[in-house]
Amino acid sequence: MPRTFSLSTRTGSRSSNQDRACAKHAHGITLLVLADGMGGHANGDLAAIVAVDAAWKVLHRQMQHLALKLRPAEAIPAAERAMRAAARAVCKLGGGYRAPGSTLIIGILWPTAALFASTGDSPAYVNGRMITRGHNVGHCLLSQVASLEMVEYHTVEHEPGDTIVIASDGLDQDLVIAGIRGAEALVEAQLRRGKENQDNVTVFTALSRPSSEAPVPYEVTEGMVPMATGELPGAKAARENLR
């Protein structure tokens, strides 16, 4: 059964959106990198930008190679390199008491299997079941490469008709369990709850669709663009700030 991949984000009630994400489907696999900048810390938005930018560049140039992996576990070294590159990029933003930080979750999806690499509290679900455990702020990509010891890796098998959701922590778990389909629908359902302090919410979904339904490779909102080149909006400016 064909699959539809969607990516959507909203600011919520916050003053800015510190979530960043990239997604691409090629060579028979789908790659997703999502970061949630830590609110209350300096430059959380820049931390998310440079984390996604660094991880994406490592993984994007290996997509064709990753597609040949027979088992998801064989892709863990590539995910580790991406996490380390992201940690180094965040470290360059500086240290101090409220150092910049970001969560980071990587999803590599094959037709019947997936690998999730995660640090922080951005969850991944398969058919409503949370795969990643979800960590507190101490497990985020702070200005300490040692935090990579807290990265968790999960390999799962899935059926072609299964629904996969990867999100920032602004999405309530019960909406995923309820089976709402599509990133935009999940984001809109979250915002309809009208929470006074609604966090940024970013959602990626991979789900099956009837063969008669026209394919919609990505749903994109508020400028969150799935880039084919690995360059993220704002990444160049962020790097210039580090010089």
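Residues numbered from 1 in each chain as written. Predicted model: local features only at pLDDT ≥ 70, side-chain atom pairs only at ≥ 80, totals over all residues. Heavy atoms only, no water.

## Considerations on the pattern of salt bridges
Note the threshold: The term salt bridge refers to a pairing of a side-chain nitrogen on Lys or Arg with a carboxyl oxygen on Asp or Glu at a separation within 4 Å. A helix here means a DSSP run of H or I that spans at least four residues, while a strand means a run of E at least two residues long, and both kinds are numbered starting from the N terminus. Using a 1.4 Å probe on the protein chains alone, a residue whose accessible area is under 20% of its type maximum counts as buried, one over 50% counts as exposed, and one in between counts as partly exposed.
A complete count under the given rule lists eight salt bridges for this structure. The salt bridge involving R10 is made with E188; its shortest N-O contact spans 2.9 Å. One end of the pair, R10, is in strand β1 (residues 3–10); the other, E188, is in helix α5 (residues 183–191), and 178 residues separate them in sequence. Judged by relative accessible area, which is 15%, R10 ranks as buried. Residue E188 is classed as partly exposed on the basis of its relative accessible area, which comes to 28%. Ionic pairing is found between K57 and D53, a salt bridge with its closest N-O pair at 3.7 Å. Taken together, the positions of K57 and D53, both in helix α1 (residues 44–60) and four residues apart, correspond to about one turn of that helix. Judged by relative accessible area, which is 5%, D53 ranks as buried. Ionic contacts of the salt-bridge type, sharing partners, join the residues D172, D174, R193 and K195 into one network.

## What about the environment of V126?
Rules: By definition, residues are in contact when any of their heavy atoms lie within 4.5 Å.
Take V126: it is sitting in strand β6 (residues 124–126). Residues V126 and T163, 37 residues apart in the sequence, show an inter-C-alpha distance of 5.8 Å. Discounting residues that sit within four places of it in the chain, V126 has contacts with F116, I131, V156, H158, D162, T163 and I164.

## A short note on the sheet that holds strand β2 (residues 19–26)
Selection rule: The pairing criterion is simple: DSSP has to find at least two bridges between the two strands. Convention adopted: a line fitted to C-alpha atoms gives each axis, helices being fitted over their contacting stretch, and angles between N-to-C directions are expressed from 0 to 180 degrees.
Sheet architecture is open: five strands sit in the order β2-β3-β4-β5-β8, paired in antiparallel fashion. The sheet terminates laterally at β2 and β8 (152–157), the two strands that pair on one side only. Pairwise comparison of adjacent strand axes, ignoring direction, gives a mean angle of 10 degrees for this sheet. The pairing of strand β5 (residues 113–119) with β8 spans six bridges and is classified as antiparallel. From the neighbouring strand, A114 faces β8, where its bridge partner is V156. This element, helix α3 (residues 76–91), spans β4 (102–109), β5 and β8 of the sheet and lies at about 25 degrees to β5.

## Looking at α3
Convention followed: Helix span, expected: 1.5 Å multiplied by one less than the number of residues in the helix.
When the terminal C-alpha atoms of α3 are compared, their 22 Å separation across 16 residues agrees well with the 22 Å that a helix rising 1.5 Å per residue should span. What α3 keeps buried is the set A78, A79, A82, M83, A85, A86, A87, A89 and V90. Of the surrounding secondary structure, the elements contacted by the buried residues of α3 are α1, α2 (63–66), β4, β5 and β8.

## As for the confidence of the model for the chain
Detailed conclusions should not be drawn from predicted coordinates in areas where pLDDT is low. Which entries qualify depends on this criterion: A score between 0 and 100, pLDDT records how confident the predictor is in each residue.
The predicted model of the chain has a mean per-residue pLDDT of 79, with 74% of residues at 70 or higher. Contacts for the low-pLDDT stretch residues 211–243, under 50 throughout, to residues beyond four places or in other chains number 73 contacts.

## Details of the environment of F5
Mapped onto the elements of the fold, F5 is located in strand β1. Linking F5 and A23, residues 18 residues apart in sequence, is a C-alpha distance of 8.8 Å.

## Some thoughts on the packing of α1 against α3
Put simply, the rule is: Left-handed is the label given to a crossing in which the near helix is rotated counterclockwise from the far helix by less than a right angle, and right-handed is the label when the rotation is clockwise. Here the nonpolar group is Ala, Val, Leu, Ile, Met, Phe, Trp, Tyr, Cys and Pro; Asp, Glu, Lys and Arg are the charged ones; every other residue, Gly included, is treated as polar.
Closest axis-to-axis distance for the α1/α3 pair is 8 Å, and the angle between their directions is 145 degrees. As for the relative orientation of α1 and α3, their crossing is right-handed in sense. When α1 is examined against α3, the residues A47, V50, A51, A54, A55, V58 and L59 are found in contact with a partner set consisting of A78, A79, R81, A82, A85, A86, A89 and V90. The residue inventory of the contact of α1 with α3, partitioned by class, reads 14 nonpolar, no polar and one charged.

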